[in-house]
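Next come the chains, spelled out residue by residue.
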Amino acid sequence: MLDLLARAGKLNKAVELINEMGFEPDGAMWRTLLDGCRAHKNVDLAMHAAEQILKLNPQDAGSYILLSNIYANAEEQREDSLRYHSEKLAVVFGLMNLPKGQTIRIRKNLRICGDCHLFVKLATKLEKRTIVIRDPIRYHHFHDGACSCGDYW
């Protein structure tokens, strides 16, 4: 049952099952949960499962390797997010370092994605700032939650 829940991504239900059992879970049960955490990218729960495995068997090299792979995948996802959404970083950098009221200007060599476009619209509304982003196609003038492109880019 634990394996089915972990494979299906119902990791919280799997933890509930472990906690409600009438006996102490063994290393295989925690390893099943750890593998489900790897498959469904739940780093926090993976750390907990690995701690439990290593309490039971500190020499379990497989758990160290599996946890290391989970950390590596999480780091890779964070790097990918930064690579594809660098304008978010640029906007936040501008908000932190430029005086209030000063226009933030960003130039990029790739088209702005829909996620970043929405992010910048929200940032201008919340921060009451003007942000201008130049992508290869056009200038986007963001002000008070709206963009000069009329959300057509």
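On a predicted model such as this, the values are computed, not experimentally measured, just so you know.

Undergrad: Which residues make up the packing of helix H3 (residues 27-39) against helix H4 (residues 43-56), and what values go with them?
TA: Close contact between H3 and H4 brings their axes to 9 Å; oriented N to C, the two are set at 155°. Taken together, the axes of H3 and H4 lie roughly antiparallel to each other. As H3 packs across H4, the resulting crossing turns out to be left-handed. The residues of H4 that touch H3, namely those facing Gly27, Trp30, Arg31, Leu33, Leu34 and Cys37, are Leu45, Ala46, His48, Ala49, Ala50, Gln52, Ile53 and Leu56. Its residues assigned to classes, the contact of H3 with H4 comprises 10 nonpolar, three polar and one charged.

Undergrad: Requested: an account of the sheet that holds strand E1 (residues 104-107), with residues and values cited.
TA: Taking strand neighbours across the sheet as the criterion, the four strands line up as E1-E2-E3-E4 in an open arrangement whose pairing is mixed. On the outer flanks of this sheet lie E1 and strand E4 (146-147), each paired with one strand and no other. Summarising the sheet, strand E2 (residues 130-134) and strand E3 (residues 139-143) pair through five bridges and their orientation is antiparallel. Paired with Ile131 across the strands is Phe142, a residue of E3. Packed on one face of the sheet, helix H6 (residues 86-97) meets E1 and E2 and runs near 155° to E1.

Undergrad: Quick one: what's the story with H6, residue by residue and with numbers?
TA: Given a rise of 1.5 Å per residue, 12 residues ought to cover 16 Å, and the 16 Å separating the end C-alpha atoms of H6 matches this to within 8%. Three or more residues of H6 are buried, namely Glu87, Val91 and Gly94. Buried residues of H6 fall within an arc of 65° about the axis and therefore sit on the same side. Turned more than 90 degrees from where H6 packs its buried face, Phe93 and Met96 sit exposed.

Undergrad: Can you explain the environment of Gly145? Please cite residues and give values.
TA: For Gly145, the position within the fold is in the loop between E3 and E4. The exposure class assigned to Gly145 is partly exposed, which follows from its relative accessible area of 24%. For the pair Gly145 and Lys128, spaced 17 residues apart in sequence, the C-alpha to C-alpha distance is 8.7 Å. In this structure, Gly145 is in contact with Lys121, Thr124 and Lys125, ignoring residues within four places of it in sequence.

Undergrad: Help me get a handle on the pattern of salt bridges, residues and values and all.
TA: In the structure shown here, the tally under the stated rule is eight salt bridges. Here Lys88 ties to Asp115 by a salt bridge, and the two come within 2.6 Å at their closest N and O atoms. On the criterion of sequence distance, the pair formed by Lys88 in helix H6 and Asp115 in helix H7 (residues 114-127) is long-range, its members being 27 residues apart. Judged by its relative accessible area of 23%, Lys88 is partly exposed. Linking Glu127 and Lys100 is a salt bridge whose minimum nitrogen-to-oxygen distance equals 3.8 Å. Here Glu127, found in helix H7, pairs with Lys100, found in the loop between H6 and E1; they are 27 residues apart in sequence, far enough to count as distant.

Cut-offs applied
- Residues numbered from 1 in each chain as written.
- Predicted model: local features only at pLDDT ≥ 70, side-chain atom pairs only at ≥ 80, totals over all residues.
- Heavy atoms only, no water.
- Axes fitted to C-alpha atoms, helices over the stretch in contact; angles between N-to-C directions.
- Helix = DSSP H or I, 4+ residues; strand = E, 2+ residues; numbered from the N terminus.
- Parallel < 35°, antiparallel > 145°, perpendicular 65-115°, else oblique.
- Left-handed = near helix turned anticlockwise from the far one by under 90°.
- Contact = heavy atoms within 4.5 Å.
- Nonpolar A, V, L, I, M, F, W, Y, C, P; charged D, E, K, R; others polar.
- Pairing = 2+ DSSP bridges.
- Expected span 1.5 Å × (residues − 1).
- Buried < 20%, exposed > 50% of the residue type's maximum accessible area, 1.4 Å probe, protein only.
- Arc of directions from axis to C-beta.
- Salt bridge = Lys/Arg side-chain N within 4 Å of Asp/Glu carboxyl O.

Note that all results are geometric; they support no functional claim without further evidence.
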